[in-house]
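Descriptive analysis of the structure
In case you want the letters, here they are:
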Amino acid sequence: MAYHSLSQCIHDLDDQQLLRIPVETDPNLEMAEIHRRIYDVKGPAILFEKVKGSPFKALSNLYGTKERTAFLFRHTLGKVQRLIELKADPSAFFQRPGHFLSTPFTAIKGLPTKSWRKPILHGSTTLSQLPQIICWPEDGGAFVTLPQVMTLPPGEKRIMSSNIGMYRIQISGNEYIPNAEAGMHYQLHRGIGVHHTMYQQTGDEFRVTIFVGGPPSHSFAAIMPLPEGLSEVTFAGMLGGRRFRYFWHDGYVLSADADFCITGVVKMKGMKPEGPFGDHLGYYSLKHDFPVLEIKNVYHRKDPIWHFTVVGRPPQEDSNFGWLIHQLVEPLASKEFPGLKEVHAVDAAGVHPLLLAIGHERYMPFRDPVPEELLTIANHLLGKGQTSLAKYLFIACHQDDQNLSTHDIPRFIQHVLSRIRLDRDLHFQTMTTIDTLDYSGDGWNAGSKLIIAARGPVMRKLSSEIPKDLSLPSSCSGINVIMPGILAVSFKRFTNDESAQTEIAELTKHLESQSLDAWPLWILTEDSHWMSEHLNNFLWAAFTRSNPAKDVYGVKSSFINKHWTCQPPLIIDARIKPHHAPVLEADPAVSKKVDQFFAKGGVLHGKVKGL
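Source: prediction; values computed, not measured. (Residues numbered from 1 in each chain as written. Predicted model: local features only at pLDDT ≥ 70, side-chain atom pairs only at ≥ 80, totals over all residues. Heavy atoms only, no water.)

Oppositely charged side chains can form a pair if their charged atoms are brought close together. Taken as a whole and assessed by the stated rule, the structure comprises 29 salt bridges. Residue K272 pairs with E181 through a salt bridge whose shortest N-O separation is 2.6 Å. Taken together, the positions of K272 in strand β15 (residues 272-274) and E181 in strand β10 (residues 181-184) put the pair 91 residues apart, joining distant regions of the chain. E181 sits in the buried class, given a relative accessible area of 4%. One salt bridge in this structure joins R421 and D423, with 3.0 Å as the shortest N-O distance. (Salt bridge = Lys/Arg side-chain N within 4 Å of Asp/Glu carboxyl O. Helix = DSSP H or I, 4+ residues; strand = E, 2+ residues; numbered from the N terminus. Buried < 20%, exposed > 50% of the residue type's maximum accessible area, 1.4 Å probe, protein only.)

Pairing is mixed in the open sheet, where 4 strands are placed in the order β1-β2-β3-β20. If you trace the sheet from one side to the other, it starts and ends with β1 (18-25) and β20 (305-307), each paired once. Here the average twist between neighbouring strands, direction ignored, is 25 degrees. Contacts from helix α2 (residues 30-40) reach β1, β2 (45-51) and β3 (57-60) within the one sheet, and its direction differs from that of β1 by about 155 degrees. (Pairing = 2+ DSSP bridges. Axes fitted to C-alpha atoms, helices over the stretch in contact; angles between N-to-C directions. Contact = heavy atoms within 4.5 Å.)

Cis geometry marks the peptide bond from P314 to P315, where omega comes out at 5 degrees. Locating P315 in the fold gives a position in the loop between β20 and α10 (319-336). With an omega dihedral of 5 degrees, the bond running from P568 to P569 counts as a cis peptide bond. Position of P569 relative to the elements: it lies in strand β30 (residues 563-573). Positive phi outside glycine occurs at K42, with the angle close to 60 degrees. One can find K42 in the loop between α2 and β2. According to the relative accessible area criterion, K42 is exposed, its value standing at 68%.

Time to look at the packing of α2 against helix α17 (residues 588-598). Packing of α2 against α17 brings their axes to within 10 Å, and their N-to-C directions diverge by 60 degrees. Judged by the inter-axis angle, α2 sits oblique to α17. Considering how the two elements wind past one another, α2 and α17 form a crossing that is right-handed. Only V590, S591, K593, V594, D595, F597 and F598 of α17 make contact with α2, whose side of the interface consists of E30, E33, I34, R37 and I38. Of the residues assigned to the contact of α2 with α17, the class counts are 6 nonpolar, 1 polar and 5 charged. (Parallel < 35°, antiparallel > 145°, perpendicular 65-115°, else oblique. Left-handed = near helix turned anticlockwise from the far one by under 90°. Nonpolar A, V, L, I, M, F, W, Y, C, P; charged D, E, K, R; others polar.)

Next up on the list: the environment of L72. Relative to the assigned elements, L72 resides in helix α3 (residues 66-72). A relative accessible area of 3% places L72 in the buried class. Separated by 144 residues in the primary sequence, L72 and P216 have C-alpha atoms spaced 7.4 Å apart. Beyond its immediate stretch of four places on either side in the chain, L72 contacts Y3, C9, L13, L62, Y63 and P216.

What follows covers the pairing of strand β11 (residues 206-212). For β11, the tally of buried residues reaches 6 of 7 residues, placing the bulk of the element in the interior. By the bridge criterion, 3 bridges tie strand β7 (residues 148-151) to β11 in an arrangement that is antiparallel. Counted as the bridge partner of V149 is I210 from β11. Sheet topology note: the β11/strand β14 (residues 260-266) ladder contains 7 bridges and is antiparallel. Bridge pairing in β14 places V212 opposite F260.

This part takes up the sheet that holds strand β22 (residues 354-359). Pairing is mixed across the open sheet formed by 5 strands, whose spatial order is β21-β22-β23-β25-β24. Edge strands, defined here as strands with exactly one partner in the open sheet, are β21 (340-345) and β24 (426-433). The average angle at which neighbouring strand axes cross in this sheet is 15 degrees, direction not considered. Both β21 and β22 contribute to a ladder of 5 bridges, which runs antiparallel. Counterpart to V343 in the pairing with β22 is A357. On top of the sheet, helix α12 (residues 409-419) reaches β21, β22, β23 (392-397) and β25 (446-454); it is set at about 75 degrees to β23, its chief contact.

This is how it looks when you write it as structure tokens:
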């Protein structure tokens, strides 16, 4: 159905899909802890009916399962998929015209419309009256975690020229003047950053509107990586099955269907520290200077609902945004990246740190198989859009195994490792940019990338049994199998770069005389047992805690025409370094308090399956 509001969406959920919490809950850590526990067992959406310190209800975990996410868009998802499919291949219409009969009507829903009804102007409030959601103990204050931030270029009045992005907003704490200022965390390469630069050049007032709530498609549109020229308001209308409704008020665009609208002006000078914030990589993003929003008004509809999410070590609720994005854009991948068959940004690794891909090899079919077109595809992926943020990119050849899938992660990685030539297939990009939230590099937003491209026949049989005659230096205190071909090694805790170089040089020298071809990848860690006990531990720690150019080593490493090579094993130093951001950990006292909610006699006892 086409939801007119967030409230209507909530009423559409049955008792299995929605949990109402009627007692007062504290937005300072407590609500987030409840959310995380319910998300972890694939539980229902959560309506907090009494939020301490706020007159407003709050909703989280709406997109907490793939099944519920699909349910929310059950009437429109297929129609939007067909529209995207037709965009990717217009000739498909003539092959299956009946399949695309509804497509023009879907497109019409993408046209925004001015609204004469203005329910968002029902009331006004202040930032301090909003639910002050703090998710992690070291967070710098309360944040808006599902904001829809709308901006327009200078002098522009056409709504289709707007940008709507999801950039976190800090509404309390640090040096912000209470109720008068908020912090805006965004990078200048984002859509809002382009507008920021334009306003700097014109000197005009940079006005911003932040929508919270509204139909579920509106939040999703703010995070969807749309192609150039396609407006978020268009996508929100198509996915929501209802045209985006808006109006102008006091010089700002307001969403007629939102639950809250915050308006303000971005200061062109005088940034302030924003953060820390417990982020989706599983670490804090640290305090940095970001633009400040001078608050003008905070509007709300009647009986509004504050929509929020909780991020942290993946997977979390926002993982299902990624799942839905994949459902929608998969038909476009081969058109956007010629030769690409499949791509998977691994959520358990924090999305950007690890990208898996399968490509076709059509170059030079008459010679011995070597990665050629695979490297062209890999460089294209690392040079465009969201995939440009990838740090490690494993790419395999479709012709080598036509049943291979990037979503079967263990099988995919073993496919690559069984074929990789460490003297040929490692391609580094050094002194480049990485995700701003990734602190594994040498500086903020600075690090390196590694392409691992495998093509050809199986070169080695991967082992799943540690060699009985394996000899290790004293720096190694334990060893465990992660999967066939990959070992986790408990190593000395990292102290400094000089010591690390000496210790790892000793390790690689020690391994030179041993036959380890069946174990082509080793991961150094503080706790090999922990890393090996769950696939997600390996994916998260190995790829978020290493900077390829600095933390990748190998036995008998050398350079051939400036190309780095080694013999097995390839070694990734995934120990925690002093410059890394702190790992997210829940507050023990809050955890104990939340235990009581789910204990016998507690208000949530027996309400959620698995808790």
